[in-house]
Amino acid sequence: MLSQRDPTAHAAVMAIREASRYRKSSNLNGCEIHMSCEPCPLCVAAIYYAGIRKVFYAATRRDAIDIGFNIKGLLTIPPDDIEFVQAREPERIAARLVLALSKPPETDPQAGEQP
């Protein structure tokens, strides 16, 4: 992540990207992922949307904190030290309209990709 200067370049996310390229599909249903540490929320989301339903990991997030990784903020979602500000109602209405118009066809991550 640090060497790539990309905060989303977590090992699990990079592995999912590579596996998706290899399979030529974003659906990795039937795959499993092996990790040295319990996945963070970003990795959990990537795992979920890829359709992966089995995760093997060794260390917990608490173990990572105990050996010096600076991820204490990830134990509380959303992190306490980030301010989240929700838009006012007119912007929310517009955002919901944009989301509705850009919504992809219904898919079930466990069922595979739909044409």
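Reading the values: the criteria
- Residues numbered from 1 in each chain as written.
- Predicted model: local features only at pLDDT ≥ 70, side-chain atom pairs only at ≥ 80, totals over all residues.
- Heavy atoms only, no water.
- Helix = DSSP H or I, 4+ residues; strand = E, 2+ residues; numbered from the N terminus.
- Buried < 20%, exposed > 50% of the residue type's maximum accessible area, 1.4 Å probe, protein only.
- Contact = heavy atoms within 4.5 Å.
- Areas by Shrake-Rupley, 256 points an atom, 1.4 Å probe, with all protein chains shown as cover.
- Salt bridge = Lys/Arg side-chain N within 4 Å of Asp/Glu carboxyl O.
- Core = buried A, V, L, I, M, F, W, Y, C linked by side-chain atoms within 4.5 Å.
- Axes fitted to C-alpha atoms, helices over the stretch in contact; angles between N-to-C directions.
- Parallel < 35°, antiparallel > 145°, perpendicular 65-115°, else oblique.
- Left-handed = near helix turned anticlockwise from the far one by under 90°.
- pLDDT = per-residue confidence, 0-100.
- Phe/Tyr/Trp six-rings, centres within 6.5 Å; stacked < 30°, edge-to-face > 60°.

Q: I keep staring at the overall build of the protein and nothing clicks. Help me out?
A: Scanning the protein from terminus to terminus reveals 4 helices and 2 strands. Taken from the N to the C terminus, the helices and strands of the protein come in the order α-β-α-β-α-α. The buried share among the 115 residues of the protein stands at 21%. Sequence separation of 24 or more characterises 33% of the internal contacts of the protein that already satisfy a separation of 6 or more. Of the accessible surface of the protein, which amounts to about 9000 Å², a share of 58% is contributed by carbon and sulfur atoms.

Q: Can you help me understand the pattern of salt bridges in this one?
A: Under the defined criterion, the tally for this structure stands at 3 salt bridges. The closest approach of N and O atoms between E18 and R21, which form a salt bridge, is 3.2 Å. Of this pair, E18 and R21 both sit in helix α1 (residues 11-23), 3 residues apart, which is roughly one turn of that helix. Residue class for E18 comes out partly exposed when judged on its relative accessible area of 46%.

Q: Help me understand the nonpolar core in this model?
A: A general feature of soluble globular proteins is that nonpolar side chains tend to end up buried together. Membership of the largest hydrophobic core is limited to 11 residues, which are A12, V13, I16, L28, I33, M35, C40, C43, I47, A50 and I52. Those elements that provide at least two residues to this core are α1, β1 (33-37) and α2 (41-50). Ignoring sequence-local partners within four residues, the contact set of C43 consists of H10, A12, V13 and M35.

Q: I tried to follow the packing of α1 against α2 on my own but got confused; where do I start?
A: Interaxial distance between α1 and α2 falls to 8 Å at its minimum, and their mutual angle equals 25°. Put simply, α1 runs roughly parallel to α2. As for how α1 packs across α2, the hand of that crossing is left-handed. Side by side, α1 and α2 meet where A12, V13 and I16 of the first sit next to L42, C43, A46, I47 and A50 of the second.

Q: What's the story with the confidence of the model for the protein in this structure? I'm lost.
A: Should pLDDT be low for a region, the predicted coordinates there are not to be read in detail. Averaged over all residues, the pLDDT of the protein is 81; the fraction at 70 or higher stands at 76%. The lowest-confidence element of the protein is helix α4 (residues 89-102), averaging 80 in pLDDT; the highest-confidence one is α1, averaging 95.

Q: Would you explain the packing of aromatic side chains in this entry?
A: To describe a pair of aromatic rings, you give the distance between the ring centres and the angle between the ring planes. With the rule as written, the count across this model stands at 1 aromatic pair. A centroid spacing of 5.1 Å and a plane angle of 80° characterise the contact between Y48 and Y49, whose relative ring orientation is edge-to-face. Among the residues examined, Y49 registers a relative accessible area of 64% and is labelled exposed.

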